[in-house]
Amino acid sequence: MKILIRLLSLMTFVYAVAGCAGSTVGIETPDGKIVITALTDNSVRVQMAGTLAVPELEELVYTSKVKAPALEVEDSEDAVTISLKGIKVKYSKSANALAFFDAEDRLILQESSRSIMESQISGVPCYDVTETFESPEDEFIYGTGQFQDGHLNIKGLTRRLTQVNTQIAIPMILSSKGYAVLWNNYGLTNFNPAGNCVELRPVEVAAEGHLVNATGTLGNRREMRFDSCFEETFVIPEGGKYSILLDMGQAMSRKQYLAIDGKPVFDITNTWLPPTTSTIIELSAGEHKLEARGVRGDKPKVYWELVKDSTTFHSPVATRLDYTVFAGSADECIAAYRKLTGEVPEMPEWMFGYIHCRERYHSSEDILENAAGFKERDIPLDVIVQDWQWWGKYGWNALRFDEDHYPDPKALTDELHKDNVHLMLSVWSKVAQDSEVGKALKENGFYIDGTDWVDFFNPAAAEFYCRNFVDSLGRYGIDSWWFDATEPENDDLVGRRIGPEGLPGEFYRNVYPLKVNSTMYEGLKSIKADEEPSILTRSAFSGIQRYGVVTWSGDVGNDLNTLKRQIAGGLGLMASGLPWWTFDAGGFFRPGNQYTNGEYQERMIRWIQVGCFLPFMRVHGYMSNTEPWRYSDETQRLFAKAIKLRKSLQPYIIECSKKVSNEGYTIMRPLVFDFACDQEALAQESEYMFGPKYLVCPVLETGVSSWRIYLPKNENGWEDFHTGEHFDGGRYIDYNVSIENIPVFVRK
């Protein structure tokens, strides 16, 4: 039964849906019906659907049972106003637009336009949806997950949200204006899409190949790569700030180089890079020359758009237009998001110590010998990690230890536990089809067609994999689990059918990590119902925090520009609602002479010093023995000093972690969380708060003796963490630095 209330405005009426306790309101507009649902006192969900028979997708994000508050609806000649305690929504009949206000009746977000167009993917009906909001000139916007473009403030920036190694796509933004938006779409999302595109043409040059180390789902390998060059021109109609997105044209890229008029815009090389990267630059009106460099098989395109005072979400595969608006401070928005999508379970306290990892240990004996090395040198060690290949002769991720090298996994964990060291094991959602488990998966049709990835969208496949995982590995007393490559690697759902209904993978393109980790979380709870699982994973999606997962930034390089990009990426992830993050301190890909290379070791120490002030501190490296004693005496001293500093911070971090679980708190905090009214603080790309006390200021260049730091406005000023010296806030300082420490300040 529906109760309809006629309004004076042509084509507009309001109705309340019986049985929803007054929490849902529908507004008929010239474009179709907008449904607004109260979720919490400071959040509402906005939806618009069409008439197509689209698939009914599983609800994966909003899982918490939260009683929706009642709405107050006011109908006038000009507007429909919907009020809650902490947010107000006003629909203008003349403008056909929504506006959102906070508890103080301040305008925080204004709709500019919306679009819902009929479309299809692989013959299945869907919608192509777009939503645009106004963005004031002085607004700062953060979020959309972890990206490698180095931008923390993403106002006006174009991004393509897909899941790949080193990139985590979370369709949520947080604004300095006192709101957050969660875009409710599981597929590809274009953030501030650029409407202009130029495809670069290949240029014939002498191809010179070079060997590189690479990792992949088949293990370590050496591969020959050939550079390719591309050129084109394009015409800018008017001068101004332009958002530029470079798409290298493959599922992953290896080199991102673009020059405009001979001036480099992007210049990044790594074994694994996302297919796209973006930035904002000034361009004058007229013709400009583009030059790109990549590897064989690249087909680069450049997308460009004049930066406007607007924010746009666009998804080409959707079942409806759907988003949620949160009002309040950054902490209030994130707390409401977690209330709706799942609170963060408490993490075992030992995870907040030092996590030591390398690629890789080769046997139980190898693990025990190196764990003993920490004890002998009085260096704290909380977790030691066994990376891939422990399955040996049984095939990729066969869920079985190769007993030639790991004869008794239970004895291994028991021995580590005697010294309060915990074991983390790398497990994949990819299984060799010729392994014992793989043959059964194949026989039952449990793989995603054309891949070795388990189809976790098929409940039977997920249950089968999880049962085999628990039965095979659950008896060894392993403390923590590393679910690697959960994107899945290479964006592998595109063009494939998934789940029991065989839907196109594009509908669920970005949520594979959510399905994998939810399945494994429940499986781990079945082993130890009274303990929260400890999980590290490489990809994520909205809501994954309810499974207690830690994400990290993937297989990155080791230079300090890369470190800078990781910090911006991690802070972007925190602004997207996730609480737990880290990186491979020292960089995953390292120089072959790392043990004697002094310049590299200086960089490594800077990574490790930042790692002390992350939610989790973890060192890792490709084909590396990463223990402190492998390096020079001075580097070993600094390495050990950093680990001991982490140990001294552990009680503080544990205290903060309880606020994460109980209050929806965020420990690694972009400065918008604490200094939303300080415009200079909002512009900082690398400084951040670590809990309520510490301002962390990473050193991002080698060989420097002074570092420029902004101290945010704070009435009682700041105290140097290392010396106790007092500094007033609201100003820049030139701080004397040495290799001993990075600058850290205590908020007074």
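In case you missed it, the structure is sitting above this.
Cut-offs applied
- Residues numbered from 1 in each chain as written.
- Predicted model: local features only at pLDDT ≥ 70, side-chain atom pairs only at ≥ 80, totals over all residues.
- Heavy atoms only, no water.
- Helix = DSSP H or I, 4+ residues; strand = E, 2+ residues; numbered from the N terminus.
- Rg over C-alpha atoms; globule rule 2.2 N^0.38 Å.
- Contact = heavy atoms within 4.5 Å.
- Areas by Shrake-Rupley, 256 points an atom, 1.4 Å probe, with all protein chains shown as cover.
- Pairing = 2+ DSSP bridges.
- Buried < 20%, exposed > 50% of the residue type's maximum accessible area, 1.4 Å probe, protein only.
- Expected span 1.5 Å × (residues − 1).
- Polar contact = N/O pair within 3.5 Å; in protein donor to acceptor, adjacent residues only side chain to side chain.
- Right-handed = clockwise from strand over helix to strand, strands pointing away.
- Lys, Arg positive; Asp, Glu negative; His and termini not counted.
- Salt bridge = Lys/Arg side-chain N within 4 Å of Asp/Glu carboxyl O.
- Axes fitted to C-alpha atoms, helices over the stretch in contact; angles between N-to-C directions.

(A) Seen up close, the overall build of the protein. A tally of regular secondary structure across the protein gives 10 helices and 46 strands. Here the C-alpha radius of gyration of the protein, 26 Å, is about what a compact globule of 748 residues would show, namely 27 Å. Along the three orthogonal principal directions, the C-alpha set of the protein runs to about 80 × 65 × 60 Å. Here the analysis covers contacts within the protein between residues at least 6 apart in sequence; of these, 71% occur between residues at least 24 apart. Accessible surface computed for the protein: about 27,900 Å², of which carbon and sulfur atoms make up 47%.

(B) Structural context of the sheet that holds strand 46 (residues 744–747). What the six strands build is an open sheet, ordered 39-40-41-46-43-44; its pairing is antiparallel. What marks the edges here is a single partner per strand, and that holds for strand 39 (668–669) and strand 44 (726–727). Alignment of strand 39 against strand 40 (residues 688–690), held across two bridges, turns out to be antiparallel. Residue pairing for strand 40: Arg 669 is matched across the bridge by Met 689.

(C) Highlighting unusual backbone geometry. With an omega dihedral of 0°, the bond running from Glu 359 to Arg 360 counts as a cis peptide bond. With an omega of 0°, the peptide bond running from Glu 487 to Pro 488 counts as cis. Phi at Gln 389 takes a positive value of approximately 80°, unusual for a residue other than glycine. For Gln 389, the location among the structural elements is in the loop between strand 30 (383–386) and helix 3 (409–418). Although it is not a glycine, Leu 399 sits at a positive phi angle of roughly 60°. Looking at where Leu 399 falls in the secondary structure, it is placed in the loop between strand 30 and helix 3. Overall, the relative accessible area of 2% leaves Leu 399 in the buried class.

(D) Focus on helix 5 (residues 459–473). An ideal rise of 1.5 Å per residue puts 21 Å on 15 residues; helix 5 measures up with 21 Å between its terminal C-alpha atoms. Within the span of helix 5, buried status applies to Ala 461, Ala 462, Phe 464, Tyr 465, Cys 466, Asn 468, Phe 469, Val 470, Ser 472 and Leu 473. Here the buried face of helix 5 lies against strand 31 (422–428), helix 4 (436–443), strand 32 (480–484) and helix 6 (512–527). Looking at where helix 5 begins, the residue whose side-chain oxygen comes 3.0 Å from the main-chain nitrogen of Ala 460 is Asn 458.

(E) Representation of the pairing of strand 30 within the structure. The alternating pattern of strand 30 places Val 383 and Val 385 on one face and Ile 384 and Gln 386 on the opposite face, and all of these are buried. Bridge count for strand 29 (residues 354–356) against strand 30 is two bridges, and the pairing is parallel. Following the sheet pairing, His 356 is matched in strand 30 by Ile 384. Where the polypeptide runs from strand 29 across helix 2 (residues 364–376) and back to strand 30, its parallel neighbour, the crossover connection is right-handed. The pairing of strand 30 with strand 31 spans four bridges and is parallel.

(F) Expanded view of the side chain of Asp 720. Structurally, the position occupied by Asp 720 is in strand 43 (residues 718–720). Of the side chains bearing the opposite charge, Arg 731 lies closest to the buried Asp 720, which forms no salt bridge; the N-O distance is 11 Å. A polar atom in the side chain of Asp 720 sits 2.6 Å from the side chain of Tyr 735. For Asp 720, the contacting residues outside a window of four places in its chain are Glu 725, Phe 727, Tyr 735, Val 744 and Phe 745.

(G) Expanded view of the pairing of strand 4 (residues 32–40). Along strand 4, eight of the nine residues are buried, which leaves the element largely enclosed by surrounding structure. Inspection of the sheet shows strand 3 (residues 24–29) paired to strand 4 by six bridges, in the antiparallel sense. Residue pairing across strands places Ile 27 opposite Ile 34, the latter belonging to strand 4. Count of turn residues in the strand 3/strand 4 antiparallel hairpin: two residues. Alignment of strand 4 against strand 5 (residues 43–48), held across six bridges, turns out to be antiparallel. Looking at the pairing, Val 35 lines up with Gln 47 of strand 5.

(H) Region of the structure containing the sheet that holds strand 24 (residues 276–283). Overall, antiparallel pairing links the four strands, which are arranged 17-26-21-24 in an open sheet. Whereas interior strands pair on both sides, the edge strands pair on one side only; in this sheet they are strand 17 (196–199) and strand 24. Strand-to-strand twist across the sheet, computed as the mean angle between neighbouring axes with direction ignored, equals 25°. For strand 17 and strand 26 (residues 301–306), the ladder comprises four bridges, and the chain directions are antiparallel. Pairing of Glu 199 across the sheet is with Lys 301, part of strand 26.

Any functional reading would require information that these geometric values do not contain.
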